[in-house]
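Given next are the chains, with one letter for each unit.
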Amino acid sequence: MNRRLAPSILFLGWFMTTTNAPAAEPIRFAVRFPAPQTHYVQVEARFPTAGKAEIELMMPVWTPGSYLVREYAGKVEDFVAKKPDGTPLETVKSRKNRWKIMTGGAAEVVATYKIYGRTMAVQSNWIDSSFAMLQGAATFMTLADGVARPHEVVVDPAAGWKCSISGLPSGPGGKPNHYVAADYDTLVDSPIYAGSAAVYEFSVDGVPHVLVNEGEGGLWDGPRSAKDVEAIVRAEKAFWGVIPYDRYVFFNILGEAGGGLEHKNSTVLMASRWATRTRPSYLAWLNLVAHEFFHTWNVKRLRPVELGPFDYENEVHTPSLWVAEGITSYYDRLIVRRAGLCTTAEYLAGDPPSAGEDRTINDVERLQTTPGRLVQPLEESSYDAWIKFYRRDENTANTQISYYVKGAVVAFLLDGKIRRATNGAKSLDDVMRLAYSRYSGERGYTPEEFQKTAAEVAGVDLSDFFRRALRSTDELDYAEACSWLGLRFSKDRPAKNDKDKKDDDKGAKAWLGLTTKNEEGRLMVSQIKRDTPGFEAGFNVGDEILGIGEDRIPAGQWNKRIETFKPGDKVSVLIARRDRFQRLEVAFGQEPPRDWTLELLPDADDAQKAHRKSWLGE
């Protein structure tokens, strides 16, 4: 139902139905969309003053789960404060994300502001004529007094929109579009949708779940997606053994963007509305669902000690994102397999192609083909997330590794080590459940506590394993895990005979080690990895490749032209660098084989097959 009321009337009705008020007076918000096609949301907030001569408001500079300072205050416009009777009040911008208000003796002040939201990303706001997806940190201010208090929100959907939806509890009487958060952390952690999405509901163990598909457009298979999300919920509940919420909402925004962000009883997902039309893209979406939902336990409740209580105004560093994100990345595809939503072959193949990739690739292959693995330790990758992970450049692959990727690989190796040490009686699953039982309260875990918990489950000393895996750049050893699970890599296949080797040499592809992109008809170098022919020849990111020898190369013909050469051929490449022509002399190398493709061991024994079935949940 779409009820359009003036904010003052909304608040009056809210106030009259609120009883048994807590000691700390609530902050009350009214959210309206009078002209959503302009991408603005209007916010009215009522702040209690407790008799103070001035109050100070704060807005976060980052949002939990995404470790980058995003400066949400930069989207705020037309900030005005007044008394409830409309008398203007003096305001001063005290910091980049703070506002002081001189109360003039009023018991309550009313602040109004509007926010521009046109960033299709899970950490930011999106508002247009068809719907709005609001993130708490990017929308709501609070009193900077450190006092815990309720925050209440009334949403007034735009004309033509059917409803609003949030993971927040409903306000008094269960009125539509009325929500109440027990404190500011809860408000920040509870995105709000308004629009006319397709909504699917299901229950698991009596607990309601909602899938909100915005933008199906006749392309996205809604019923299928809801059925498979339910299967993932059931698989993850079986993993953890508990459901720690009263209701859960999956916000699935089909706006041709990508990504996901976890919240305590909801998640925001973004995907293409075409994704259910192809197997790889749909599997990628299922993996995303499994990943963000796994965070309901791992991160939102079982968290590194540094990530709480939240400091919304400063960077918060932790070396344990390999647990929070890496272990979650290990389990996301594994959960999809255990839920019966992909085959073993699909699971072993890895992640379907994404931006910048043209093939399915597993985490081990991604790690082992990244030169930065020999430069940056895993815990350092986590600690420096704020200044490196979200600020990638053309040299990132040469100097950094992802705590998602290497964290997932370390989790795989740790799982195999525990399974072998306990003869299959225990696994990383047991570590996560034990850690959850111990550290999912207010405090969280230290790196040492998590590692000791893993060693306790394994029954062996893991200190050397963690030193090498987390705090060094030593190459990882895959032999133990692969042997236990009956797996191998393509590089471990039996040696070929001379005839097969000669046949392979005949089909060897020429290679420079450059990543290129077609930029409005210009063939541009976008990445160069170390120790490749292109790197040694002096190619730079940003070079425009014009031709080889005396022949022009159209932007769309680069790969086809490379196929006409053989490893060892020497060529002169004409480039344009900073608008000046230059020639680079280079000899083609041979395209490296895909040594890290994960496969089932053809001659696995019965014990290995049994171990693998237990691991995959078959």
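The structure displayed is predicted, hence computed values, not measured ones. (Residues numbered from 1 in each chain as written. Predicted model: local features only at pLDDT ≥ 70, side-chain atom pairs only at ≥ 80, totals over all residues. Heavy atoms only, no water.)

Regarding its fold elements, the protein presents 19 helices and 29 strands. A compact globule built from 618 residues should have a C-alpha radius of gyration of about 25 Å, and the protein, at 27 Å, falls within 12% of that. Each of the three principal axes of the protein carries a C-alpha extent, and together these read 90 × 65 × 45 Å. With 618 residues in all, the protein has 53% of them scored as buried. The contacts of the protein with a sequence gap of at least 6 include a subset with a gap of at least 24, amounting to 68%. Surface summary for the protein: the accessible area is close to 26700 Å², and the carbon and sulfur share equals 49%. (Helix = DSSP H or I, 4+ residues; strand = E, 2+ residues; numbered from the N terminus. Rg over C-alpha atoms; globule rule 2.2 N^0.38 Å. Buried < 20%, exposed > 50% of the residue type's maximum accessible area, 1.4 Å probe, protein only. Contact = heavy atoms within 4.5 Å. Areas by Shrake-Rupley, 256 points an atom, 1.4 Å probe, with all protein chains shown as cover.)

Take the pattern of salt bridges next. Under the defined criterion, the tally for this structure stands at 40 salt bridges. Linking Lys 114 and Asp 78 is a salt bridge whose minimum nitrogen-to-oxygen distance equals 3.3 Å. Placement of Lys 114 in strand E7 (residues 108-116) and of Asp 78 in strand E4 (residues 76-82) is noted, with a sequence separation of 36 residues between them. By relative accessible area, which is 51% here, Asp 78 ends up exposed. We note a salt bridge from Arg 98 to Glu 313, for which the minimum N-O separation is 2.7 Å. Remark: Glu 313 occurs in the loop between helix H4 (279-294) and helix H5 (321-338) and Arg 98 occurs in strand E6 (residues 98-102); sequence separation between them is 215 residues. Note on accessibility: Arg 98 and Glu 313 belong to one class, buried. Residues joined by salt bridges that share partners form a network here, namely Glu 56, Arg 95, Arg 98 and Glu 313. (Salt bridge = Lys/Arg side-chain N within 4 Å of Asp/Glu carboxyl O.)

One pass over the structure, following the stated rule, counts 45 aromatic pairs. Judged by centre distance (5.9 Å) and plane angle (20°), the rings of Tyr 282 and Trp 285 are stacked. Residue Tyr 282 and its partner Trp 285 are located together in helix H4, separated by 3 residues, close to a single helical turn. Among the residues examined, Tyr 282 registers a relative accessible area of 1% and is labelled buried. It is Arg 433 that lies over the ring of Phe 239; its NZ or CZ is 5.5 Å from the centre. (Phe/Tyr/Trp six-rings, centres within 6.5 Å; stacked < 30°, edge-to-face > 60°. Lys NZ or Arg CZ within 6 Å of the ring centre and 35° of its normal.)

Let us look at the confidence of the model for the protein. It should be kept in mind that the predicted coordinates are not to be read in detail where pLDDT is low. Summing up the model confidence of the protein, the mean pLDDT is 93 and the portion of residues at 70 or higher is 94%. Contacts of residues 1-22 to residues separated by more than four positions or lying in other chains number 41 contacts, the stretch itself having pLDDT below 50. (pLDDT = per-residue confidence, 0-100.)

All right, on to the sheet that holds strand E16 (residues 207-214) then. Taking strand neighbours across the sheet as the criterion, the 5 strands line up as E15-E16-E17-E19-E18 in an open arrangement whose pairing is mixed. Two strands close off the open sheet at either side, each with one partner strand: strand E15 (198-204) and strand E18 (259-262). Across this sheet, the average inter-strand angle for adjacent strands is 15°, counted without regard to direction. As paired elements, strand E17 (residues 248-254) and strand E19 (residues 266-271) share 6 bridges and run parallel to each other. Residue pairing across strands places Phe 251 opposite Val 268, the latter belonging to E19. Across the sheet, H4 is in contact with E17, E18 and E19; its angle to E19 comes to roughly 160°. (Pairing = 2+ DSSP bridges. Axes fitted to C-alpha atoms, helices over the stretch in contact; angles between N-to-C directions.)

All right, on to the sheet that holds E6 then. The 4 strands are arranged E5-E6-E3-E10 in an open sheet whose pairing can be described as antiparallel. In this open sheet, the two strands that pair with only one neighbour each are strand E5 (91-95) and strand E10 (142-143). Note: strand E3 (residues 54-58) against E6, 5 bridges, orientation antiparallel. Directly across from Glu 54, in E6, lies its bridge partner Met 102.

This brings us to the environment of Gly 86. Following the sequence through the fold, Gly 86 ends up in the loop between E4 and E5. Taking the C-alpha atoms as reference, Gly 86 lies 63 Å from Ala 455; in sequence the two are 369 residues apart.

Looking at where Gln 376 falls in the secondary structure, it is placed in the loop between helix H7 (363-368) and helix H8 (378-383). A residue is classified by how much of its surface remains accessible, and Gln 376, at 2% relative accessible area, is buried. A polar contact of 3.0 Å, which involves the side chain of Gln 376, links it to the backbone nitrogen of Ile 401. Ignoring sequence-local partners within four residues, the contact set of Gln 376 consists of Ser 381, Lys 388, Thr 399, Gln 400, Ile 401 and Thr 473. (Polar contact = N/O pair within 3.5 Å; in protein donor to acceptor, adjacent residues only side chain to side chain.)

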